[in-house]
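# Observations on the model geometry
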Amino acid sequence: MSQGNPAGPATGSVPSPAGAPPSEPIKAVKLRHPWRIVIAIVLVLLVVWFVIDASQRSAYGWQYVGKYVFDKRISAAALVTLQLTIYSMVIGVVLGLILAVMRLSPNPVVKSVAWLYLWIFRGTPVYVQLVFWGLFSLIYPHVFLGVPWTDFGLTLDLGFMQNAFIIAIIGLALNEAAYMAEIVRAGLLSVDTGQEEAATALGMSWWQTMTRIVIPQAMRVIIPPTGNEVISMLKTTSLVAAIPLTTDLYGVARDISAVTYTPIPLLIVASLWYLLFTSILMIGQYFLEKRFSRGVNMRRPDNREPALATGALPAAGAPGGNELGGKG
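It should be emphasised that the depicted structure is a prediction, and the values quoted were computed from it without experimental measurement. (Residues numbered from 1 in each chain as written. Predicted model: local features only at pLDDT ≥ 70, side-chain atom pairs only at ≥ 80, totals over all residues. Heavy atoms only, no water.)

## Let's talk about the layout of surface pockets
Where empty space is left in the structure can be found by rolling a water-sized probe over the atoms. The cut-off we apply is this: Cavities and pockets were defined on a 1 Å grid built from protein atoms only: a cavity is a group of points that admits a 1.4 Å probe but offers it no way out, a pocket is an open group of points flanked by protein on both sides within 12 Å along at least five of seven lines, and a lining residue is one with an atom within 4 Å of any such point. Grid points are joined across faces, edges and corners, and a volume is the space filled by probe spheres set on the points. Strands here mean DSSP runs of E at least two residues long; helices mean DSSP runs of H or I at least four residues long; both are numbered from the N terminus. Under the scheme applied here, ten amino acids are nonpolar (Ala, Val, Leu, Ile, Met, Phe, Trp, Tyr, Cys and Pro), four are charged (Asp, Glu, Lys and Arg), and all others, including Gly, are polar.
One number sums up the size of the largest pocket: a volume of about 500 Å³. If you list the elements that add at least two residues to the lining of the largest pocket, you get α3 (72-103), α7 (164-189), α9 (206-236) and α11 (263-292). With 8 residues, α9 is the largest single contributor of residues to the lining of the largest pocket. Classifying every residue of the lining of the largest pocket gives 18 nonpolar, 5 polar and no charged.

In structure tokens form, the structure reads like this:
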């Protein structure tokens with residue numbers, strides 16, 4: 001009765017064929033990267049030099065930065081910026097999901113409508129769109145819904161479109177929906193088609209397949225670019241001055257600087273608040289990505305068992321590596 005191969009020496013030497021002298025143990029030499037240390041030192045010195053130089057320049061007005069960074073007007077404007085970001089992103093994500101499903105629909109009319117929406121809102125600058133929405137109530141003070149060329153219908157008063165805050169949310173959300181639609185569509189297409197075929201075999205409709213099978217699996221691909229869009233939306237709110245809306249963070253900082261003649265310190269104040277919000281959003285994005293990629297990370301090669309490193313599963317009843325007839 002044959003036995004399995006004996007284990008190699010504890011010294012780390014490689015087993016040799018029968019009758020051959022034992023080979024020398026492999027000595028791994030760590031790869032050195034001297035230029036990394038040099039570049040890191042140079043970058044640190046440049047940062048230190050910039051900080052020291054900036055602290056000595058009166059143009060930055062650090063005393064005004066400390067005075068206005070926690071000013072009540074700046075804090076209230078920061079809250080308005082957060083509200084614009086949250087409301088616009090929520091509406092944009094919902095509309096983007098609807099548009100993505102429409103683009104993947106087998107109905108050519110629905111698909112064409114979604115493509116036309118994306119063509120318009122992705123092909124024009126967001127600043128131009130905000131200017132248009134600011135003038136929308138002047139172009140269309142009323143909207144008639146009913147039978148054309150008759151008086152049978154309903155007239156809607158668009159007076160609420162004169163509210164700059166509402167207009168800003170609508171303009172930002174409609175623009176964001178076009179980009180979110182492509183992000184969601186990419187996530188939906190990343191799911192294997194076999195999932196849809198299996199759902200169809202179970203008798204699920206197209207809508208049930210999307211909402212219960214495809215979309216939950218596509219979240220792993222959708223979450224990272226969506227986090228980037230949230231951060232981008234936070235900074236895009238500075239363009240609402242085109243409506244015009246001046247109660248946001250950048251608008252208030254600009255108004256204060258116009259009175260105090262300190263534009264650079266107020267720009268630094270606004271940038272500090274933007275950096276604070278972006279850092280919080282980046283931390284949240286990190287944990288969301290970690291949450292939705294748990295199953296994927298478990299399938300990485302460094303987390304696999306040695307016997308399953310190649311992805312092959314042993315057949316039921318097959319001998320193991322050290323058993324009779326197994327692969328040692």
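## Focus: the pattern of salt bridges
To keep it simple, the criterion reads: The salt bridge definition used is simple: a Lys or Arg side-chain nitrogen within 4 Å of an Asp or Glu carboxyl oxygen. Only protein chains enter the calculation, and the probe is 1.4 Å; a residue is then buried if its accessible area is under 20% of its type maximum, exposed if over 50%, and partly exposed in between.
For the structure on display, the rule yields 5 salt bridges. The residue Asp 71 makes a salt bridge to Arg 73 at a minimum N-O spacing of 3.0 Å. For Asp 71, a relative accessible area of 17% gives the class buried. In this structure, Glu 182 and Arg 185 form a salt bridge, with 3.0 Å as the shortest nitrogen-oxygen distance. One end of the pair is Glu 182 and the other is Arg 185, both in helix α7 and 3 residues apart, which spans about a single turn. The class for Glu 182 is buried, based on a relative accessible area of 19%. One connected set of salt bridges, linked through shared partners, spans Arg 103, Arg 122, Glu 182 and Arg 185.

## Describing a nonpolar patch on the surface
Heads up, the rule is: Think of a patch as exposed residues, more than 30% relative accessible area, with no salt bridge, where like charges cluster within 9 Å and nonpolar side chains (Val, Leu, Ile, Met, Phe, Trp, Tyr) cluster within 5 Å. All accessible-area figures derive from a Shrake-Rupley calculation using a 1.4 Å probe, and residue coverage is judged against the displayed protein chains alone.
Together, Tyr 127, Val 131, Phe 132, Leu 135, Leu 138, Ile 139 and Tyr 140 line one region of the surface with nonpolar side chains, adding up to about 680 Å² of accessible area. Counting residues per element, the ones that place at least two in the nonpolar patch are α5 (126-134) and α6 (136-139). Looking at the nonpolar patch element by element, the count peaks at 3 residues for α5. Position of Val 131 among the secondary structure elements: in helix α5. On the basis of relative accessibility, which here comes to 31%, the residue Val 131 falls in the partly exposed class.

## What about the pairing of strand β1 (residues 142-146)?
Stated formally: Two strands pair under a simple rule: DSSP has to find at least two bridges between them.
Here β1 pairs with strand β2 (residues 153-157) via 5 bridges, running antiparallel. Its bridge partner being in β2, Gly 146 is matched across the sheet by Gly 153.

## Examining the confidence of the model for the chain
A low pLDDT means the predicted coordinates there should not be read in detail. Short version of the rule: Looking at any residue, its pLDDT shows the predictor's confidence there, from 0 to 100. Contact criterion: two residues are considered in contact whenever any of their non-hydrogen atoms come within 4.5 Å of each other.
For the chain, per-residue confidence averages 82 on the pLDDT scale, and residues scoring 70 or more make up 83% of the total. The low-confidence segment residues 6-11, where pLDDT is below 50, has 2 contacts with residues more than four positions distant or belonging to other chains. Counting interchain partners and residues more than four positions distant, the pLDDT-below-50 stretch residues 298-328 has 19 contacts.

## Describing α11
Note the cut-off: Multiplying 1.5 Å by the helix residue count minus one yields the expected span of that helix.
For α11, built from 30 residues, the straight-helix expectation of 44 Å at 1.5 Å per residue is met to within 8% by its first-to-last C-alpha distance of 43 Å. Among all positions of α11, only Pro 265, Leu 266, Ile 268, Val 269, Ala 270, Trp 273, Tyr 274, Phe 277, Thr 278 and Gln 285 are buried. Against the buried residues of α11 lie α2 (62-68), α3, α9 and α10 (249-260).

## Focus: the nonpolar core
Selection criterion: Remark: nonpolar core denotes a set of buried residues (Ala, Val, Leu, Ile, Met, Phe, Trp, Tyr, Cys) joined through side-chain atoms within 4.5 Å.
Residues Leu 84, Leu 99, Tyr 117, Trp 133, Leu 188, Val 240 and Ile 243 are the most contacted members of the largest nonpolar core, which totals 40 residues. Of all the secondary structure elements, the ones that give two or more residues to this core are α3, α4 (108-123), α5, α7 and α9. Of the residues forming this core, the biggest block, 13 residues, is contributed by α7. The residues touching Leu 84, leaving out its near neighbours within four places in the chain, are Phe 165, Ala 168, Ile 169, Thr 237, Val 240, Leu 245 and Asp 248.

## Let's talk about the packing of α3 against α4
Rules: Throughout, an axis means a line fitted to C-alpha atoms (over the contacting stretch in the case of helices), and angles, computed between N-to-C directions, take values from 0 to 180 degrees. Here the word oblique covers every angle except those under 35 degrees (roughly parallel), over 145 (roughly antiparallel) and from 65 to 115 (roughly perpendicular). Two helices cross in a left-handed way if the nearer one is turned anticlockwise from the farther one by less than a right angle. They cross in a right-handed way if the turn is clockwise.
One can describe the packing of α3 onto α4 by two numbers: an axis separation of 7 Å at closest approach and a directional angle of 130°. One element, α3, and the other, α4, form an angle in the oblique class. Our pair here, α3 against α4, has a crossing hand that is left-handed. Packed against α3, whose contacting residues are Leu 99, Met 102 and Arg 103, the element α4 presents Val 110, Lys 111, Val 113, Ala 114, Trp 115, Tyr 117 and Leu 118 at the interface. Split by residue class, the contact of α3 with α4 holds 8 nonpolar, no polar and 2 charged.

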